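Fold and contact review
Chain by chain, the residues:
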Amino acid sequence: MKTKGRAGIMKNRSEGEEGGEFTRSAARAAAPGTVYLVGGGPGDPGLLTERGAELLSSAEVVLHDELIHPALLLRVRPDAVVMPVGKRGADRASKQAKQEAIEAELVRLGREGKSVVRLKGGDPYLFGRGSEEAEALARAGVPFEVVPGVCSPLAATAYAGFSLTHRDLASSVTIVSGTMRSGAGYDWSELASVKGTICVLMGMHNLEEVVAGLLGPSKRAPETPAAVIQWGTRAEQRVVTGTVAEIAAKARAEGLGSPGIVLVGAVATRREALRWFDTRPLFGKRVVVLRPRGQAQSVAKRLRQRGAEPYVWPAIEIGPPPDASAVTALVSELGAWDVVAFTSENGVERLFEALAEKGLDARAFGRAKVAAIGTGTSAALLSRGIRADIVPADFRGEGLAGAILADEEIRKRLLGNEIVRVVIPRALVAREALPEMLRAAGCEVRVVPVYETRKAGPERTAELVQRFEEKSIDVVLLSATSTVEGLVSALGARAGALLSGVTVASIGEITTESARARGIEVAVTAETSTMEGLVEAVERYFART
């Protein structure tokens, strides 16, 4: 076993490794009695600023806008109070009353000594009423901090393929609110002498009036290029282009509504050259990730980066094993084994939880060699200070057994008729290929269940079935045989019908065989049996088709 030295950890992390030592030491947690007005960005959760992420993960209370991407709330600490405070709708009196209630709540929480994040869409001060909330806090003497966010005019247009300024087309940008506080329309005559690009926010509900203002007092020619962007930066993003004279009718015909941005100017002609987000093979695909929620976030992030929208549905839940005493015994004698062989990230996590309960760490492995079935499991070990000695090229039980037996030291010991003791911390129910191959080669093998998988409950099952019935699923990712069993159990006799038209993708041949044996047609099988390899295989599939 190789443990990472402290100096090595410091070097890697100080050079910018995500979640590293340098980042943690520089982080400033949300302070008691302070309210943070945090810009959550335009939709894509990856556009949250580092400072915003620090505060969101440390605040005691989070009040968030309705349009915040749900993935942002996964960053909130487990014991935080999360309060939705959306104000959508056209009733100005009601929205004003809600705004005043939000301000009063921020003041109350601040005075009570709570650390509070007010999570707002886009940027807090750009048509976000953040300044009103800051003024209320200032009047009450409550400390506050403003964390700017990536605003929708900049991000949504860039994701949709528009450059707000262009050396040949526009040297200025004017950002306009299509809805004024008083309810009166914007005075479009202010733009009569202004050239360059115009961005209209909050103008979708009165789009026809916006166009009339542009054509009239704003003095834009009917043939001026224009575009409407709805749900910019998200997998739901939709874009319509045309001229000012026709853009309202075209947007209505396509069903575009709020939240949306109206873009006006010559830059609206360059979309085909500059678009990148909605040309990706996975753009707009709704993908089911059948993994435990704690393990699903990394693959969900990869999917969003490719323009897809993940739906995390844990086909299995991870629980403690029936016999906890066996795990306790393993922890106390871990260093006495010749090889500790991990077959999943879950096994790594659960064994290290047991070590931590006894006040132990990676040093408990002593002289034992550590084997990992694949790069994901190897990474899970590395994050806990252990670099795996043995990682096979073939990420299956057979491959891991072959790699262990091919290790020079182990091979010599077996040839010399010495006993090689191998322990396998794994699920209660799993394939037996690994222990059987090792025993056949003369190893002494013990399998220790460190966790048990359980199928999802009826409430979650009904939710998944409804998604399939609504045809709101495009792709299903099968990450293991257990997820196949969980999916089949959830869909029941209707599995074939519900999966009709859905692309099913598998992490490897064993999982594919398991799916086909249960009547599920698999369209994609990853060549590299990792979640990253699975996502890349699906991406290539859609690129071809």
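This section reports on the structure supplied with the text. Predicted model only: the values in this text are computed from it and were never measured.

Examining the nonpolar core
Leu334, Phe342, Phe365 and Leu381 are the most contacted members of the largest nonpolar core, which has 29 residues in total. Of all the elements in the fold, those that place two or more residues in this core are strand E14 (316-319), helix H11 (324-333), strand E15 (339-342), helix H12 (345-357), strand E16 (369-372), helix H13 (375-382), strand E18 (421-427) and strand E19 (444-455). Per element, the largest residue contribution to this core is five residues, and it comes from H12. Within the second largest apolar cluster, 23 residues are counted, among which are Leu290, Val484, Val504 and Val522.

What to know about the sheet that holds strand E2 (residues 35-39)
The strand order across the open sheet formed by five strands is E4-E3-E5-E2-E6, and the pairing between neighbours is parallel. At either end of the open sheet lies a strand with only one pairing partner, and these are strand E4 (81-84) and strand E6 (144-147). Mean inter-strand twist for the sheet, computed between neighbouring axes without regard to direction, equals 15 degrees. In this structure, E2 lies alongside E6, joined through four bridges in parallel fashion.

Some remarks on unusual backbone geometry
A cis amide bond, omega -5 degrees, links Ser258 with the succeeding residue Pro259. With phi around 50 degrees, Met202 is a residue other than glycine that occupies positive phi space. On the basis of relative accessible area, Met202 is assigned to the partly exposed category, the value being 39%. The backbone of Lys219 shows a phi angle near 65 degrees, a positive value even though the residue is not glycine.

Section: the packing of helix H7 (residues 207-215) against helix H8 (residues 244-253)
Where H7 meets H8, the axes come as close as 9 Å, and the angle between the chain directions of the two elements is 175 degrees. Classified by the interaxial angle, the pair formed by H7 and H8 is roughly antiparallel. Across the interface between the two elements, Leu207, Glu208, Val211, Leu214 and Leu215 from H7 touch Val244, Ala245, Ile247, Ala248, Ala251 and Arg252 from H8.

Some remarks on the packing of aromatic side chains
Counted according to the given criterion, the structure contains eight aromatic pairs. With a centroid separation of 6.3 Å and 50 degrees between ring planes, the pair formed by Phe342 and Phe365 is classed as tilted. In this pair, Phe342 sits in strand E15 while Phe365 sits in the loop between H12 and E16, placing the two residues 23 residues apart along the sequence. By the burial criterion, Phe342 is buried, and Phe365 matches it.

A closer look at the sheet that holds strand E12 (residues 286-289)
The strand order E13-E12-E20-E21-E22 describes an open sheet built from five strands, whose pairing is parallel. Bordering the open sheet on either side are strand E13 (309-312) and strand E22 (524-525), each of which pairs with just one other strand. Where E12 lies against E13, four bridges are found, and the strand directions are parallel. Note on E13: the bridge partner recorded for Val287 is Pro310. Where helix H10 (residues 293-305) meets the sheet, its contacts fall on E12, E13 and strand E20 (475-478), and the angle it forms with E13 comes to roughly 170 degrees.

What counts and what doesn't
- Residues numbered from 1 in each chain as written.
- Predicted model: local features only at pLDDT ≥ 70, side-chain atom pairs only at ≥ 80, totals over all residues.
- Heavy atoms only, no water.
- Core = buried A, V, L, I, M, F, W, Y, C linked by side-chain atoms within 4.5 Å.
- Buried < 20%, exposed > 50% of the residue type's maximum accessible area, 1.4 Å probe, protein only.
- Helix = DSSP H or I, 4+ residues; strand = E, 2+ residues; numbered from the N terminus.
- Pairing = 2+ DSSP bridges.
- Axes fitted to C-alpha atoms, helices over the stretch in contact; angles between N-to-C directions.
- Parallel < 35°, antiparallel > 145°, perpendicular 65-115°, else oblique.
- Contact = heavy atoms within 4.5 Å.
- Phe/Tyr/Trp six-rings, centres within 6.5 Å; stacked < 30°, edge-to-face > 60°.

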